[in-house]
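Listed below, chain by chain, are the residues.
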Amino acid sequence: MNTAVSVKDLQFTYPSYSSAKSKPLFIDLEGVFHQGIIHVVFGRPESGKTTFGRLLAGLVPAFTGGNVSGSVLVDAVQVLETRGCHLLEHVGLVFQDPDEQILMAQVEDEIVFPLESMSLNRPQMHERLEAEVSFWDLDDLRSSNPGDLSGGEKKRLLLAVLCAVNPAVWILDETFEELDEQWREVLIKRAVESGRTVIILASKHIPLYDLYVSTWSIIDNNQLYQGPREEALQKLGDNWEYKKIHPSLPYISGDSQYQREPVISIRHLSFSYPGSKSGSDFTLYVDNLDIYSGQITAFYGPNGSGKSTLSKLLCGLISPERGEILIPGKGGRLRHAAPGALQRYTGYLFQNPDYQIFLPTIKDELMYSLLQAGIEKSDARAQAATCGELFGLYNLKDTPATMSYGSRKRLQAAVCYQLDRICTIFDEADSGILLAEYIRIIDLFVKRESSLIIITHDLRLAEKLADTVVQFQDGRARKVEGRRKS
Amino acid sequence: MTSNGSNNISTSPAYRIVSISVLTAVTAVFTLLIRIPIAPTRGYINLGDVAIFFTAFTFGPITALISGGLGTAIADLLSGYAQWAPISLVIHGLQGLAAGLIVRKHLIKFQRIQFQQNSDNAAEIDEYREKGVRKMLISLTAGLVGTIIMVGLYFLSGAALYGIGPAAFEVPGNIIQCVVGFVGGYMLTRAVVKAYPPVSDLFL
Amino acid sequence: MIESSYHEGDSFVHAFDPRAKLLLLITGITTLFLPFGVEFSAAYTGVFILLAIPAAGFRHAFSPFKLLLPLIILIILLTPPFFKEGEVLITYRNWILLTEAGLMRTIVLIIRFTGITYAFFLFFTSTPLNQVVLTLRWYGLPLNAALIVSMSFRFIPYITTTYHHVSDAHKLRGSYQTGMWGWSHIRGLLPVLTSVLIKSVKTIPVMAMSLESRGFGSNRKRTSYQRLRGGRILFTHFIFSVMISLIIIALPYVVA
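Residue numbering note: each chain is counted from 1, following its sequence as written. Think of it this way: whatever chain is written first is A, whatever ligand is written first is 1, and the rest follow in order. Confidence filtering applies because this is a predicted model: local features only for residues at pLDDT of at least 70, side-chain atom pairs given and counted only at 80 or more, and all residues used for totals across whole chains, interfaces and linings. Side-chain numbers come from the whole structure's heavy atoms, not from hydrogens or water.

### Let's talk about the overall build of chain A
Convention followed: Runs of H or I in DSSP of at least four residues are treated as helices and runs of E of at least two as strands, each being numbered from the N terminus. As a reference, a globule follows 2.2 Å times the number of residues to the power 0.38, and the radius of gyration itself is taken over C-alpha atoms. Each residue's exposure class comes from its accessible area (1.4 Å probe, protein chains only) as a fraction of the maximum for that residue type: buried when under 20%, exposed when over 50%, partly exposed otherwise. Contacts: residue pairs with any heavy atoms within 4.5 Å of one another. Areas reported as accessible are Shrake-Rupley estimates using a 1.4 Å probe. Residue values count occlusion only from the protein chains shown.
Within chain A one finds 15 helices and 20 strands. For a compact globule of 486 residues, the expected C-alpha radius of gyration is about 23 Å, and chain A comes in at 24 Å, within 12% of that figure. If one aligns the C-alpha atoms of chain A with their principal axes, the spans along those axes are about 75 × 50 × 40 Å. Burial analysis of chain A (486 residues in total) assigns 56% to the buried set. A separation of at least 24 residues holds for 70% of the contacts in chain A among residues at least 6 apart in sequence. Working note: accessible area of chain A is about 20200 Å², and carbon and sulfur atoms make up 47% of it.

What follows is the structure, encoded as structure tokens:
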């Protein structure tokens, strides 16, 4: 079998912007991927699998900086010595975040753009465009602005671009995550039929891989291990065993000694977005839902089912159309809460940690709200240091915007922790960080008897962690049993 | 093979094109979304000039020329003032170009040094302070020239389009908007350089 | 929040080739500045307004007036004081408030600015933005410039969303309040704008990777898929607009 991709003693280190030198991401990384079959490369968050994909596509270090050495041969091209724009027919990459890959203001233009780079003539472009538009079911969307599409539709658009170009090597960075079951199957079958070399980068295993994938690897400890499926899965699973969650959560797993009182009560709540253009008349309706003190409530459901909308209502970022949200007033009696009051009552951990970072150092970020609240500077400094330590942020002089994703996520949680809200919402905080790290953060909040709402796509996680699981479907919320009962 | 890519990122054509487009969009969004209701004529001032001065100070004259002009022109187009689009394109473009040409690379480099230095050596601090005053004067000149270009050219084109009287009436509002733009742009440049040091390598 | 000024429609203004339309837009505006006398400016402006009815529909056709009104009031208030010559029409005590010259000038300015506004309104209400870009390409706009325009339109919604998320995040952090417009709000705006700018600047290299991986920057010659229709229709429309241009410039001389 011919080799499509071969990597030899690859070293890579990102440039450093803080006082500390950055650690190498890859050390003597070696690997071989054969032609015409499907490969899976697993990697935990921050293991470097995205960087690996971008290296193969000739985009790193050209656009990130950093030191690289070694040899990377993709479809007989030395990519470390070639600019990415010359690799169009050799390697194609689908980014993890479609919002960072889509460039054109119209769906058709997005598909056609790389074809224009290939100097195809109009009939050739037309043929490929039409084929992919109908294959990926984008016909109704062809003149839409890609920004208005749903997450799954954006992924399909990027897959249409990839298939229209049809390069020798396909790299799919977490592409299966945002797709629903039906499209996952369409994609993997297409990948098989194409006869191309397909490298799937993934942080989670899905059963579909077992049917179609030929080789298994995992990026771990700065290296690439290639071996049998079981070994790769076992290496991936080390920190992912759900049964290991329990021991690390003494506060959650013990019997409840808290008095359970509702901290938020939702009564006959309904909300719909004014003038929503997409034609869907989405309405959120929650008849009766209580969030209890000291408990974890999980919001589980597909995209667009109303989880985020309800969360925004609970934070007072939007106001309900009908119905009300009650919180305990003086003397513990529940009463109506205005959005302004909810903004100071409920904390919200946005999925993206970057929305609130604006200061030069961790210390500044941690001291900011304390100083705002009128706390003395010396006290604030001490509190910031304690809180930093609690969340594993030891070097308080680090610059948040250049830290790793995991550290940014922890900083975001620390800032939220300091606000000391009665109830805190974690919006898909489990994506992009290690599960163990996620659990640690949850644990810290639980220890303080803060009531938690976790939004997640992962039903197993929801069932293991939460006292109550609320399932969302088409704007309706349904309560199901939680973990505690087991 | 060993390579260090950090030196040539900002000169790659793809990088240049994308940075201009993103900053054009930033300028348009600042113009359209963020409005402070104090100026007399239009009832508010917008923060488009903040984005233009920020671009000029961080990304340099060429980027500021295109994204400043195009961003405000697109904002005009989207808010129904299409007749202003060609005029904004030229005026705000020149405003950004001038500001960028005056400050040059040294301002942003200096702001980064200022942040990194530790206050140990008194003589060094004095030197920094002295340099700081000079950089401040240079950026004030950039702000002043930018303001004169923007206010002056809007007055001239206003006079040509609808007479001297109404054009003169708009001058104070434009001055406020431009001064807010300069002060805001300067403060944001400082804040962004401190919070995200890689920015200081992008000036071209 | 952000809507293009384009209105879908099937009027003859929409069907007219955008390249010819741009030519007409330019001659139309030029004519308004030529010293033909107020009757002609008024007539041309009237034609623009009438054309707006089929192009934008009756409801939207007069929407530019809403945006024009403050300026028209300003012109009425601030033009006459600059004119003292000619027959005096209105006085207040010893002050000359309005002379004939002042009145004429006021009318000319109002008509001119209304005409310019409607000329632009007509063009952009009947031409989708991608066609505007293609038209400018046809007239010689470089490919990179056209690319910047298209990508800007893709990034505007992206940055708008970022801005909303960032201000929400800062609101919940207690560092930013809306509703009240005062010094505290403006001070609170600084952290929000800083975060928006950092986020925007950080996405640039990633977006640049995407552009690079789409083959941008290689020296192969790019082809182009989207194209304005050529052939006989273009030719007829061009002849037509050149003729109209000549007529509207020549008409005042003929009448005189």
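### A short note on the pairing of strand 8 (residues 197-202) of chain A
For a regular strand, the rule is simple: side chains alternate between the two faces of the sheet. All names here are of chain A. To keep it simple, the criterion reads: When DSSP finds at least two bridges between two strands, those strands are taken to pair. Viewed with both strands pointing away, a crossover whose connecting path from the first strand over the helix to the second turns clockwise is right-handed.
Taken across its 6 residues, strand 8 has 6 buried, putting it largely inside the fold. Note that strand 7 (residues 169-173) and strand 8 share 5 bridges and pair parallel. Paired with Leu172 across the strands is Ile200, a residue of strand 8. One crossover worth recording links strand 7 to the parallel strand 8 by way of helix 5 (residues 181-194), and it is right-handed.

### Some details on the confidence of the model for chain A
Residue and element names in this part refer to chain A. Rule in force here: Per residue, pLDDT captures the predictor's confidence, and it can take any value from 0 to 100.
Of the residues in chain A, 92% have a pLDDT of 70 or more, and the chain-wide mean is 85. Segment residues 239-244 is flagged for pLDDT under 50; beyond a separation of four residues in sequence, or across chains, it makes 13 contacts in the model. For residues 250-255, every residue scores under 50 in pLDDT, and the model assigns this stretch 14 contacts once sequence neighbours within four places are set aside.

### Brief notes about the confidence of the model for chain B
Within chain B, residue pLDDT values average 83, and 85% of them lie at 70 or more. Predicted confidence is poor over residues 1-7 of chain B, with pLDDT under 50, and the contacts of this stretch with residues over four places away or in other chains come to 18 contacts.

### A look at the interface of chain C and chain A
For clarity, the threshold we go by: Note on definitions: buried area is the accessible-area loss of two parts on being combined, 1.4 Å probe, summed for both. Every case where a carboxyl oxygen of Asp or Glu lies within 4 Å of a side-chain nitrogen of Lys or Arg is listed as a salt bridge. A 3.5 Å cut-off defines polar contacts: any pair of N or O atoms within that distance qualifies, except that in protein one atom must be a possible hydrogen donor and the other a possible acceptor, and neighbouring residues in sequence count only when both atoms are side-chain atoms. Three classes are used, and their members are as follows: Ala, Val, Leu, Ile, Met, Phe, Trp, Tyr, Cys and Pro are nonpolar, Asp, Glu, Lys and Arg are charged, and the others, Gly among them, are polar.
Facing the 50 residues of chain C at the interface are 61 residues of chain A. When the two sides are added together, the surface that chain C and chain A hide from each other amounts to roughly 5300 Å², 56% of it contributed by carbon and sulfur. Of all residues in chain C, the largest losses of buried area upon contact with chain A belong to Arg173, Arg214 and Tyr225 of chain C, amounting jointly to 19% of the total for that side. There are 6 salt bridges connecting chain C and chain A. Note that Arg173 of chain C is salt-bridged to Glu365 of chain A, the shortest N-O span being 2.8 Å. Between the two partners, chain C and chain A, sit 23 residue pairs in polar contact (both at pLDDT 80 or more). Contributing elements (two or more residues each) for the side of chain C that touches chain A: helix 7 (143-172) and helix 8 (183-213) of chain C. Here the residues of the side of chain C that touches chain A are counted per class, giving 19 nonpolar, 19 polar and 12 charged.

### A look at empty space enclosed by the protein
Keep this limit in mind: Using only the protein atoms, space was sampled on a 1 Å grid; points where a 1.4 Å probe fits but cannot get out form cavities, open sets with protein on both sides within 12 Å along at least five of seven lines form pockets, and lining residues are those with an atom within 4 Å of a point. Grid points are joined across faces, edges and corners, and a volume is the space filled by probe spheres set on the points.
Evaluation of the coordinates by the stated rule reveals 11 cavities of 30 Å³ or more. Estimated volume of the largest cavity: approximately 120 Å³. Around the largest cavity sit 13 residues that line it, and Gly92, Leu93 and Leu162 of chain A together with Ser213 and Arg214 of chain C are the ones nearest its centre. Quantified by volume, the second largest cavity comes out at close to 90 Å³. Considering the residues around the second largest cavity, the lining is formed by Gly347, Tyr348, Leu349, Phe350, Gln356, Gln412, Val415, Cys416 and Leu419 of chain A together with Ala169, Leu172 and Arg173 of chain C. The biggest single contributor to the lining of the second largest cavity is helix 13 (residues 405-419) of chain A, with 4 residues. For the lining of the second largest cavity, a count of residues per class yields 8 nonpolar, 3 polar and 1 charged.

### What to know about the packing of aromatic side chains
Rule in force here: Side-chain rings of Phe, Tyr and Trp, where Trp is taken by its six-membered ring, are said to pair if the distance between their centres is within 6.5 Å; with planes under 30 degrees apart they count as stacked, over 60 as edge-to-face, and otherwise as tilted. Charges are assigned to positions over rings by a cutoff of 6 Å between ring centre and Lys NZ or Arg CZ, combined with an angular limit of 35 degrees from the ring normal.
All chains considered together, the criterion is met by 32 aromatic pairs over all chains. Considering the side-chain rings of Phe65 of chain C and Tyr118 of chain C, the 5.6 Å spacing of their centres and the 55° angle between planes classify their relative orientation as tilted. Here Phe65 of chain C is found in helix 4 (residues 63-78), whereas its partner Tyr118 of chain C is found in helix 5 (residues 100-126), with 53 residues between them in sequence. Look at Tyr118 of chain C and you get buried, because its relative accessible area is 0%. By the ring-pair criterion, three or more aromatic residues cluster together here, those being Phe42, Phe176, Tyr209 and Trp216 of chain A. Sitting above the plane of the Tyr225 of chain A ring, Lys235 of chain A keeps its charged end 4.2 Å from the centroid.

### Some thoughts on the domain arrangement of chain A
Just so we agree on the cut-off: Segmentation into domains, and thus their bounds, comes from an automatic or database assignment.
Assigned domains within chain A: domain 1 (3-241) and domain 2 (244-485). One C-alpha centre belongs to domain 1 of chain A, the other to domain 2 of chain A, and the line joining them spans 33 Å.

### Considering the sheet that holds strand 6 (residues 91-94) of chain A
Residues and elements named next belong to chain A. The following threshold applies: The convention used is that axes are lines fitted to C-alpha atoms, helices contributing only their stretch in contact, and that angles between N-to-C directions extend from 0 to 180 degrees.
Taken in spatial order, the 6 strands of this open sheet run 6-7-8-3-9-10, and their pairing is mixed. Each edge of the sheet is formed by a strand with only one pairing partner; in this case those strands are strand 6 and strand 10 (223-227). Across the sheet, the mean angle from the axis of one strand to that of its neighbour is 20°, orientation sign disregarded. In the sheet, strand 3 (residues 38-43) pairs with strand 9 (residues 215-220) via 5 bridges, with the strands oriented parallel. Looking across to strand 9, one finds that Val41 is bridged to Ser217.

### Some thoughts on the packing of helix 2 (residues 18-33) of chain C against helix 9 (residues 231-255) of chain C
Residue and element names in this part refer to chain C. Formally: Roughly parallel means an angle under 35 degrees; roughly antiparallel, over 145; roughly perpendicular, 65 to 115; everything else is oblique.
Contact pair helix 2 / helix 9: the axes reach a minimum separation of 9 Å and the direction vectors enclose 5°. By the angle class used here, helix 2 and helix 9 are roughly parallel. Together, Arg19, Ala20, Leu23, Leu24, Thr27, Gly28 and Thr31 of helix 2 and Leu234, His237, Phe238, Ser241, Val242, Ile244, Ser245, Ile248 and Ile249 of helix 9 make up the contact between the two elements. Grouping the amino acids of the contact of helix 2 with helix 9 by side-chain chemistry returns 9 nonpolar, 6 polar and 1 charged.

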